[in-house]
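Each chain, written out:
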Amino acid sequence: METGFKPYASLILVLLVSYFPIAGFIAGVKNDILTGYLPVRFFMSESLSEGFMPWWNPYVNFGIPQYADMSSSFWSPVTWLIAGTVGYNIYSITAELLLYILLGAWGMYKCGDLFNWNKDIKLIAAVSYMCCGYMVGHLQHLNWVAGAGFLPWCFWSYHLLLNDYSLKRLSISAVLFYLFISASHPGLIIGSIYFFA
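A few points on the structure. (Residues numbered from 1 in each chain as written. Predicted model: local features only at pLDDT ≥ 70, side-chain atom pairs only at ≥ 80, totals over all residues. Heavy atoms only, no water.)

### Here we look at the nonpolar core
Thought 1: One finds Tyr19, Tyr100, Ile101 and Phe150 to be the most contacted residues of the largest nonpolar core, which totals 50 residues.
Thought 2: At 12 residues, the largest contribution of residues to this core is made by helix H5 (residues 90-114).
Thought 3: Not counting residues up to four positions away in its chain, the partners in contact with Tyr19 are Gly24, Leu98, Ile101, Met130, Cys131, Met135, Val136 and Leu139. (Core = buried A, V, L, I, M, F, W, Y, C linked by side-chain atoms within 4.5 Å. Buried < 20%, exposed > 50% of the residue type's maximum accessible area, 1.4 Å probe, protein only. Helix = DSSP H or I, 4+ residues; strand = E, 2+ residues; numbered from the N terminus. Contact = heavy atoms within 4.5 Å.)

### Description of unusual backbone geometry
Thought 1: One non-glycine residue, Phe25, adopts positive backbone phi at about 55°.
Thought 2: Looking at the secondary structure, you find Phe25 in the loop between helix H2 (20-23) and helix H3 (32-49).
Thought 3: The phi angle at Asn31 is positive, at roughly 65°, despite the residue not being glycine.
Thought 4: Mapping Asn31 onto the fold places it in the loop between H2 and H3.
Thought 5: Classification of Asn31 by relative accessible area gives partly exposed; the value is 44%.

### Focus: helix H6 (residues 119-130)
Thought 1: The first and last C-alpha atoms of H6 sit 16 Å apart over 12 residues, in line with the 16 Å expected at 1.5 Å per residue.
Thought 2: Turning to H6, its buried residues are Lys122, Ala125, Ala126, Tyr129 and Met130. Seen along its axis, H6 keeps its buried residues to an arc of 130°; they face one direction.
Thought 3: Its buried side turned inward, H6 meets helix H1 (6-18), H5, helix H7 (133-137) and helix H8 (142-163). (Expected span 1.5 Å × (residues − 1). Arc of directions from axis to C-beta.)

### Observations regarding the side chain of Lys122
Thought 1: Counting through the fold element by element, Lys122 comes out in helix H6.
Thought 2: In this structure the side chain of Lys122 is engaged in a polar contact, spanning 2.4 Å, whose partner is the side chain of Asp113. (Polar contact = N/O pair within 3.5 Å; in protein donor to acceptor, adjacent residues only side chain to side chain.)

### Focus on the packing of aromatic side chains
Thought 1: Considering all chains together, one arrives at 19 aromatic pairs under this definition.
Thought 2: For the pair Trp55 and Phe74, a centre-to-centre distance of 5.5 Å together with 45° between the ring planes defines the contact as tilted. Separated by 19 residues along the polypeptide, Trp55 in the loop between H3 and strand E1 (56-57) and Phe74 in the loop between strand E2 (64-65) and helix H4 (77-84) bring together distant segments of the chain.
Thought 3: A relative accessible area of 39% places Trp55 in the partly exposed class.
Thought 4: Classification of Phe74 as buried rests on a relative accessible area of 1%.
Thought 5: Consider the rings of Trp153 and Trp156, whose centres lie 5.6 Å apart with planes at 85°: the pair is edge-to-face. On the criterion of helical spacing, the pair formed by Trp153 and Trp156 is a turn pair, its members being three residues apart in helix H8. The pair Trp153 / Trp156 is uniform in exposure class, with both members buried. (Phe/Tyr/Trp six-rings, centres within 6.5 Å; stacked < 30°, edge-to-face > 60°.)

Written as structure tokens, this is what we have:
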């Protein structure tokens, strides 16, 4: 297992080139990300900036409990970090989308360590995961891409935990699975239960 930032920097470069129209903010992702995800996250940003907890969103479907909508990623620390700092707009939600794609690639690269792959094979696996049809086909579905971003990390931590149980590894797995569950679409959560069981 080699150390260093070079492979991770290579993945950043591949992300910027592969998703150049989006990463360069030349073209925007449209459809569901703008109509389903951005409005509820923008509401969270505005509520927090005004000093209110965004428990209830009166602007969607004549009012919904925002905390109960699993598609809004209300319980995700990433969502709260963005909503509480820079706020949500088309640029921040696009950056979040690209972050999840990059996290998935980094996670796939780390999974290569579990199987003792050489660095070239790990890089190919990470780039393939980052640019696969699932990622490109679901760009408008933020919580599907978020789930795909955290899933390799969950597999990585779960594999380490099964091989050598310790409190530290259990804590890492718990945090990674929480990030996965709090940001993913319910379909991915249910599928992962079958996979990990």
